[in-house]
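# Secondary and tertiary structure notes
This is what each chain is made of:
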Amino acid sequence: MPKTASLKIDDQELELPIIVGSEGEKAVDVRKLRASTGYITFDEGFGNTGSCQSEITFINGEEGILRYRGYPIEQLADKSNFIDVAYLVIYGELPTADQRSAFSARLSAESDLTEDMVRFISGFPKSTHPMSVLAASMNGLGAYYPHLATNNHKHDLGHFDDAAAIAMAKVRTIAAHSYRVTRGLPLNSPRAEYGYAETFLHLMFSEPGQDYVPTPEVASAINLFLLLHAEHEQNCSTSTVRMVASAGANLFASASAGVSALWGPLHGGANQAVLEMLTAIHEAGDDGSKFIEAAKNGEARLMGFGHRVYKNHDPRAKIIKGSFDKALESLGIIDDPLLDIARNLEAAALSDDYFISRKLYPNVDFYSGLIMNALKIPVDMFTVMFAIGRMPGWVAQWHEVAANPKSKINRPRQIYVGPTPRDVPDSV
Ligand SMILES: CC(C)(COP(=O)(O)OP(=O)(O)OC[C@H]1O[C@@H](n2cnc3c(N)ncnc32)[C@H](O)[C@@H]1OP(=O)(O)O)[C@@H](O)C(=O)NCCC(=O)NCCS
């Protein structure tokens, strides 16, 4: 393999170093390009740009491979759980028994919110989207724990275990509170005896005098959902977290920026958009076939299909689809018009040349939206659930930036295409 790449530009010949990752991924190192030639690279959407070197997640989109810290997602989904995977993603190794109990104890200890924080969350108008409450409250954690959020990475890293546990534990409580506040419902307190997924469901659905006790199938479906979303390398929200972290910002501020990016319908908002699309198709009396035609004509977008990186299949979609029928069966859901439409869309798209030639396959959001709907998670909470799942990834990526002594502020360049110099008229 060559050690350099040659670039001929304006009669100048330049040798650019090649960087090879541990899985054989290759990159041309252009860091000296502008200084040597005056040129920059142009890569709108960053489809060909490596923004960092990272040890956390490996994805091969062509082959549908996803690994956290070297472990295949299929094996983790089969043999592990969200908390162990969160530990793995954040600390680099699966926990020992002692590490697991210490980590779980830390999360339990940090589960509740202070009265001040509850007041802050309760102050939002009832019409607020829970993602808005979540983004504001995650950033607000810096106000309640100022000693963990000094914006001095060296100091903040010294308290990283505390900050990581607070982010992981409180995101779930804030999320459930945001749901109940926006519905005018009384808030529930976490229960130390419940696991992570069970606690979330209790916080969401218990009513005064009537505890919500999920079936094992429901708790394990939530657990699987969170595990599958725990990390996904340099996607839009994670790149945002790293971008904010690169300026020296604290973990809570950086994670809050991740929540905001995730809210977009082309990213984490896609699972909500899937349900809204299915509902609209149903209300229009369509079985999905008209919508497929509209998508092919560019008049509609088939939400839950296509992926920037996976161009073969989304391995998470395969896993979640596998557990999908089991979850529906345990919930006694046999007939559902939205499910029928979803199955029609899936079958039509998988056999239609428009979708095949563009490598558009169902992604994880297509099935996760359906599962969460079956679990009676409200539609506006779908993306919030994604954010709870993704927190370990954001925490780990923040740490990677903060702990890297060579880390630089992220600052892309641009090609300016606006007006060339002109004078302001005398009369404006
Ligand atoms: C995920 C997504 C943003 C990836 O975008 P991308 O890699 O930039 O792909 P592009 O937008 O360049 O699309 C390539 C082609 O496929 C088409 N296409 C992509 N996704 C499509 C979809 N969901 N429905 C219909 N057509 C789609 C585009 O119109 C384009 O067609 P063209 O070549 O005729 O112009 C895109 O597939 C999408 O919007 N999907 C729906 C939203 C979603 O599910 N997001 C969650 C991702 S996990």
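Note that the structure is predicted; figures quoted are calculated from it, not measured. Counting restarts for each chain: residues are numbered from 1 in the order of the written sequence. Per-residue local features of the predicted model are confined to residues with pLDDT of at least 70, and side-chain atom pairs are confined, for both listing and counting, to 80 or more; whole-chain, interface and lining totals are unaffected and use all residues. Hydrogen atoms and water are omitted, and side-chain values are computed over all heavy atoms in the structure.

The next point concerns the site of the ligand. One heavy atom within 4 Å of a molecule or strand makes the whole residue count as near it. If you check the shell around the ligand, you find 17 residues, and the closest are Arg 301, Leu 302, Gly 304, Phe 305 and Arg 308. Within the side chain of Lys 311, an N or O atom sits 3.3 Å from an oxygen atom of the ligand. Contacts to the ligand include Asn 363, whose side-chain N or O atom sits 3.0 Å from an oxygen atom. Note on areas: Shrake-Rupley, 1.4 Å probe, and residue coverage restricted to the protein chains presented here. Contact with the protein chains hides 70% of the accessible area of the ligand, taken as 860 Å² for the molecule alone. Considering only residue class, the shell around the ligand consists of seven nonpolar, five polar and five charged. Two N or O atoms form a polar contact when they lie within 3.5 Å of each other; inside protein one atom must be a possible hydrogen donor and the other a possible acceptor, and for residues adjacent in sequence the pair counts only when both atoms belong to side chains. Following the grouping adopted for this structure description, the nonpolar residues are Ala, Val, Leu, Ile, Met, Phe, Trp, Tyr, Cys and Pro, the charged ones are Asp, Glu, Lys and Arg, and the polar ones are all others, Gly among them.

It is worth spelling out the domain arrangement of the protein at this point. Domain boundaries shown here were taken from an automatic or database domain assignment. Assigned domains of the protein: these are domain 1 (4–66), domain 2 (72–261 + 397–402) and domain 3 (270–374). Here domain 2 and domain 3 have C-alpha centroids that lie 28 Å from each other. On the side of domain 3, 14 residues touch domain 2, which itself brings eleven residues to the contact. Carbon and sulfur atoms make up 75% of the area that domain 2 and domain 3 hide from each other, which totals about 1100 Å². Among the residues of domain 2 in contact with domain 3, Phe 225, Leu 228 and His 232 are the three that bury the most area, contributing 43% of the side total. Salt bridges are identified by distance alone: a Lys or Arg side-chain nitrogen within 4 Å of an Asp or Glu carboxyl oxygen. Put simply, domain 2 and domain 3 have zero salt bridges between them. Counting across the domain 2 and domain 3 interface gives two residue pairs in polar contact (both at pLDDT 80 or more). Segments assigned H or I by DSSP are reported as helices when at least four residues long, segments assigned E as strands when at least two residues long, and all are numbered from the N terminus. Of all the secondary structure elements, the ones that give two or more residues to the side of domain 2 that touches domain 3 are helix 2 (73–79) and helix 10 (216–228). The element contributing the most residues to the side of domain 2 that touches domain 3 is helix 10, with five residues. Class assignment of the residues belonging to the side of domain 2 that touches domain 3 gives a composition of six nonpolar, three polar and two charged. Throughout, a residue-residue contact means that at least one pair of heavy atoms, one from each residue, lies within 4.5 Å. Buried area is a sum: the accessible area each of two parts loses on coming together, probed at 1.4 Å, counted once for each and added.

It is worth spelling out the sheet that holds strand 5 (residues 65–68) at this point. At least two bridges found by DSSP between two strands is the condition for calling them paired. Spatial strand order, 4-5-6: three strands in an open sheet with antiparallel pairing. Looking at which strands have only one partner, the edges of the open sheet turn out to be strand 4 (57–60) and strand 6 (71–72). In this sheet, strand 5 lies alongside strand 4 in antiparallel orientation, the contact comprising four bridges. Within strand 5, the residue paired with Asn 60 across the bridge is Ile 65.

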